[in-house]
Amino acid sequence: MRGISTLAMTAAVGLTLSCGSPELKAEKQIVHDAEFYVLQAQHGDKWAAEDKTLDQKLAELRKKHGRPPNIIHVMWDDTAFGDVGIPAIQKVRGLETPNLNQMASEGMLFTRMYTEVGCTPSRAASATGRLAVRSGMYNIGMLLESHGMRGEEVTIAEVLSNAGYATAFHGKWHLGDIEESYPHNQGFDEAFFTGYNQILSLWTERGEVGNGTMGLYENILPEDPYKKDDTFVTKDWVMVAEGTKGGETLRWGDNTHENYMKIDPEAQRRTLEFIERNAKAGKPFYVANWPMLNSFLPLPEKCAVARSNLQAGLQCNIDPFIGKLMAKLNELGIAENTLVIAMADNGPMAHNPPPGGGFAETIFRGGKGDFLEGGARVPAQAWWPGVIEEGQIAGDIVHETDLFTTFARLAGATQYIPTDRIIDGVDQTSLLINGDTNSRRDHVFIYAGPQLGAIVKGNYKRHMISPDPVGEASGIPAAFYFLPADPREKSPMLANLIHLKAPFNRMNLRHKLWKEKYPDSKEKHGIPWTGIVNASEELKAHAKPRKELSTLPFDPLEYIEHLDELPFDPNMDPDLGQ
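## Quick word on the confidence of the model for the chain
Working step 1: With 91% of its residues at a pLDDT of at least 70, the chain reaches an overall mean of 91.
Working step 2: Note on residues 570-578: pLDDT is under 50 here. Beyond four places in sequence and across chains, it has 20 contacts.

## Some thoughts on the pairing of strand β10 (residues 377-383)
Each regular strand carries side chains that alternate between the two faces of the sheet.
Working step 1: Counting buried positions along β10 gives seven out of seven residues, so the element sits mostly inside the fold.
Working step 2: Here five bridges tie strand β2 (residues 108-114) to β10, and the two strands are oriented antiparallel to one another. Paired with Met 113 across the bridge in β10 is Val 378.
Working step 3: Bridging between strand β9 (residues 338-344) and β10 involves four bridges; their strand directions are antiparallel. Pairing of Met 343 across the sheet is with Ala 380, part of β10.

## Focus: the packing of aromatic side chains
Working step 1: Under the definition given, this model contains 21 aromatic pairs.
Working step 2: Plain terms: the ring middles of Tyr 196 and Trp 203 are 5.9 Å apart, the flat faces sit at 80° to each other, and that makes the pair edge-to-face. Side by side, Tyr 196 and Trp 203 carry an identical accessibility label, which is buried.
Working step 3: Each residue in the set Phe 169, Trp 173, Phe 188, Tyr 286, Trp 290 and Phe 407 is aromatic and connected to the rest through ring pairs, giving one cluster.

## Describing the state of the cysteines
Working step 1: For the structure shown, the criterion picks out one disulfide.
Working step 2: A sulfur-sulfur separation of 1.4 Å characterises the disulfide bridge that pairs Cys 303 with Cys 316. Of this pair, Cys 303 sits in the loop between β8 (285-290) and α11 (309-331) while Cys 316 sits in helix α11, placing them 13 residues apart in sequence.

The rules behind these values
- Residues numbered from 1 in each chain as written.
- Predicted model: local features only at pLDDT ≥ 70, side-chain atom pairs only at ≥ 80, totals over all residues.
- Heavy atoms only, no water.
- pLDDT = per-residue confidence, 0-100.
- Contact = heavy atoms within 4.5 Å.
- Buried < 20%, exposed > 50% of the residue type's maximum accessible area, 1.4 Å probe, protein only.
- Helix = DSSP H or I, 4+ residues; strand = E, 2+ residues; numbered from the N terminus.
- Pairing = 2+ DSSP bridges.
- Phe/Tyr/Trp six-rings, centres within 6.5 Å; stacked < 30°, edge-to-face > 60°.
- Disulfide = S-S within 2.5 Å.

Here it is, written out as structure tokens:
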């Protein structure tokens, strides 16, 4: 394990640590990004005093309930800020989520929860407490992506398991299709998961019939007399799998649209059963339920007034589940010892959405894939009866990586957080318990793939990928924004905010210097869907090329070792940063 020395940290940050903050020990300290230490140097004494009070409060709660708090994390896809938790915006958008709105009113509604800009990087960040660029998980996995999260990453499930928690994952994992990335190989005691996203609903015969996907199901298409290569189109994959830590991995169901529509009901059933089982056993638990939300194929039954996939998924899938979840916690008498976080994983699919998707910008400009506020600032709320004061609206900046560190602190498990890598998440226990204005973060680095797209510091934002390349090249950048006056980032200020050029440059350089000491990992690739006990012959063939390919003058699987050499293409999103 590599520790962090005061000298090395001081050099990277450019500040001394004698101004009120406790000295860092040479070993076994969590390594945060450089900017955290700038804040710690100024507020360390205050935070240390707060922590003593917080520790006493957590100890009292543990004594009262006989165990540390249970933790539930519900995270769904592609939702704009305001689509959940703010009834006035919901009236405009044509949906209702009474249970989610009740949860927000009984707890804390976040107004500045930031995520990564896409689903795979967002889920990686939540699971590891690290920006996705650090784990090499910035690409959004598609069919037979042959990549996934490295076994060397340490997930919140591993951290909490070490502290005696029962852990479960149910729903959309989307962190890879290689064996080491399966959630039950990443610390979860049990898992029911998908390797991909909602496009699974289109990769079905029903999707082929409706031209939602084209050419995938050749068995229902007319024969193409000019077809020469029978290896080009994918033959089989896993829609859903299940497994247990140290146990077998099984395919669950088939690749039909009917099976796809069973995923969320089954995941919700398993989550409620897991909660009841562990509550009755008196064991603390952590469960992540990350729903599929809805199908990308328009369904015959229209649910919300907006008659779209997003609104129907929120109103008639996730919201009823939240109602059942809160009722179950109250029924079991464990609500006051359970923290529930409900949130979206990134902004709306504003670019190239599926027909009838219902995805749209609200207050902020941009969406999924953008480093604009609309891409990374999401609806989020926390509920913990008797601990989180009711009716709070927090204006503090929070990042999804903070959940990792906060969950560990609440569980008494911070000693299991790795100290040989940067952990971007900061402990936000003070915000949850002490309320608004008590965040220990005032900044966010927003990546576009492996490239730094923007930096937020308080109310100010600078686009590092600038829409004004001429200005950037001349040394007079114009991509500075004051967010309260310009939440849609339409009016960059030059003269008004040029004084922030050097401060943002300092932030960026400290961030880069710290990354030199703790380098990012490369993407990890391998054969997809290995270790499936009930695998079809087509699945097994991914690892064993067909007989006629044995005569090739090269290894047909050699390409997998070079997938990380493919350049990241920001043009996959035509509106990136614009």
